[in-house]
Number of protein chains: 2
Amino acid sequence: MKQKIDIEKLLKERGFKLTKQRIEVFNEILRKRGHFEIEDIVHFLRKKNLKASRATVYRTLNILKEIGLLKEVIKFGNKTYYEVGTKDHHDHLICLNCGKFIEFHNDEIEKIQERICNEFNFKPVYHRLEIYGICEDCLNREDDSKSGDKIPG
Amino acid sequence: MKQKIDIEKLLKERGFKLTKQRIEVFNEILRKRGHFEIEDIVHFLRKKNLKASRATVYRTLNILKEIGLLKEVIKFGNKTYYEVGTKDHHDHLICLNCGKFIEFHNDEIEKIQERICNEFNFKPVYHRLEIYGICEDCLNREDDSKSGDKIPG
DNA sequence: GTACATGCAAACCTTTTGCAGTTCC
DNA sequence: GGAACTGCAAAAGGTTTGCATGTAC
């Protein structure tokens, strides 16, 4: 674990209290590191017999978003996917077959985006680039047998 | 109206029937040309006293998506926004203040995306690039008075 | 005539909220 | 002690579905 995030400080700075539930939700998010959806967190807590209601998980995630520890990245199939927001900015390749999220970053694209915004006198705040398709693993697997679509989860 | 789309042919080719409701929904979409959400269609039909239930509108939009006349473009604030799918591919600047969608297209970005996909042995199917920020009009208006956030609609 | 489409209402899913009881500081 | 937080259950969107009825072909 390279970076140590002082969740207590971050919460208290903004007048939020440090509660058992918030700590558990936060630990689980850090443990995941990758992309996840709300139900992942809810189920994990259930399994570990830690109690935090679904409502609390939602409320906690919203707070974490507010203090910048969490990003709401992708809306796909009526679900919202999150990731830890302390990483550097990047975009995503999303596999339509297995639901995998692959991260990439490209400076050229970012530069061109800036240029486009200038052309339109548009002040950018954030952006989202998602490329949907079939990942390497699934392409290889397709050689053997055809498989149906899946929704990421 | 430059292009004439033969909705009857497109539907029948795939074994769909040509019904009053489908024609009305389709006409309204063509009339709009820009971006819209389901409720826009539902309300319009109500106002014109044309009857197509909300369920039928949903079902019709899904069929139109299937036959490629419609694209589901953007998920924002738990809503789905659509646009006519016969236009050339383009991406979007989205104003966080007034909800305006501005279209742009950039070949360089598309090329770079291809390159990235190659690097990852990823077979792209479609992509989505959305830049969120403040549009020119809203920036100008901000000089006079500060205004709160709005959700596009 | 019959397979398919529609309307309605109910169901579903994700997310938010009101409120009474609990916890943190 | 009191403001903030939690859990629950209910509500609130958006979207889908089951079923009886209606319609295109």
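Model, not experiment: these values are computed from the prediction. (Residues numbered from 1 in each chain as written. Chains lettered and ligands numbered in written order. Predicted model: local features only at pLDDT ≥ 70, side-chain atom pairs only at ≥ 80, totals over all residues. Heavy atoms only, no water.)

1. Some thoughts on the protein's contact with DNA strand D
The condition is simple: Distances are taken per atom, and a residue is near a molecule or strand as soon as one of its heavy atoms is within 4 Å of it. For the purposes of these results, a polar contact is taken to be a pair of N or O atoms within 3.5 Å, where, inside protein, one atom must be able to donate a hydrogen and its partner to accept one; residues adjacent in sequence count only when each atom of the pair is a side-chain atom. Numbering of helices and strands runs from the N terminus; a helix is a DSSP stretch of H or I covering at least four residues, while a strand is a stretch of E covering at least two. Residues were grouped as follows: Ala, Val, Leu, Ile, Met, Phe, Trp, Tyr, Cys and Pro as nonpolar; Asp, Glu, Lys and Arg as charged; and all remaining residues, including Gly, as polar.
Taken together, 25 residues form the shell around DNA strand D, and within it T19(A), S53(A), T56(A), Y58(B) and K79(B) come nearest. Backbone atoms, meaning sugar plus phosphate, form 73% of the atoms of DNA strand D positioned within 4 Å of the protein. For DNA strand D, a phosphate oxygen lies 2.8 Å from a polar atom in the side chain of T19(A). At 3.1 Å, a backbone N or O of K51(A) approaches a phosphate oxygen of DNA strand D. For the surface near DNA strand D, the secondary structure elements donating two or more residues are α2 (20–32) and α4 (54–66) of chain A together with α4 (54–66) and β3 (79–84) of chain B. Looking at which element gives the most residues to the surface near DNA strand D, the answer is α4(B), with five residues. Residue composition of the surface near DNA strand D, grouped by class: seven nonpolar, eight polar and ten charged.

2. Observations regarding the domain arrangement of chain A
All names here are of chain A. Stated formally: Domain start and stop positions are those given by an automatic or database domain assignment. In what follows, residue pairs with any heavy atoms lying within 4.5 Å of each other are defined as contacts. Here the buried area means the combined drop in accessible surface, using a 1.4 Å probe, for two parts upon being joined, counting both sides.
Partitioning chain A into domains gives domain 1 (1–86) and domain 2 (88–153). Here the C-alpha centroids of domain 1 and domain 2 sit 23 Å apart. At the interface, eleven residues of domain 1 touch 13 residues of domain 2. Each partner contributes to the roughly 1000 Å² buried at the junction of domain 1 and domain 2, and carbon and sulfur atoms together form 60% of this total. If you sort the residues of domain 1 by the area they bury against domain 2, H35, I74 and F76 come out on top, with a joint share of 48%. One can count three residue pairs in polar contact (both at pLDDT 80 or more) joining domain 1 with domain 2. When residues of the side of domain 1 that touches domain 2 are traced back to their parent elements, those giving at least two are β1 (35–37), β2 (70–76) and β3 (79–84). Ranked by residue count, the leading element in the side of domain 1 that touches domain 2 is β2, at six residues. A class-by-class count of the residues in the side of domain 1 that touches domain 2 yields four nonpolar, two polar and five charged.

3. Section: the environment of K20(A)
Residues and elements named next belong to chain A. Note the threshold: When accessible area is computed with a 1.4 Å probe and restricted to protein chains, residues below 20% of their type maximum are described as buried, those above 50% as exposed, and intermediate ones as partly exposed.
Relative to the elements of secondary structure, K20 occurs in helix α2. Here K20 falls in the exposed class, since its relative accessible area comes to 72%. Considering only alpha carbons, one finds K20 and N62, 42 residues apart in sequence, at a separation of 16 Å.

4. Observations regarding the relation of the copies chain B and chain A
Short version of the rule: Least-squares fitting of one copy onto the other uses the C-alpha atoms of those residues that reach a pLDDT of at least 70 in both copies.
Mapping chain B onto chain A is achieved by rotating through 179° and translating by 0.0 Å along the same axis, at an RMSD of 0.2 Å. Overall, the copies show the geometry of a two-fold rotation axis. Every residue of chain B has its C-alpha some distance from the rotation axis, and the shortest such distance is that of L129(B), at 2.2 Å.

5. Notes on the side chain of E83(A)
Residues and elements named next belong to chain A. Relative to the assigned elements, E83 resides in strand β3. With relative accessibility at 0%, the residue E83 sits in the buried group. A distance of 2.9 Å separates polar atoms of two side chains, one belonging to E83 and the other to H90. For E83, the side chain forms a polar contact with the side chain of H92, separated by 3.3 Å. For E83, the residues in contact, after removing those within four places along its chain, are G34, H35, F36, L69, L70, K71, V73, H90, H92 and E103.

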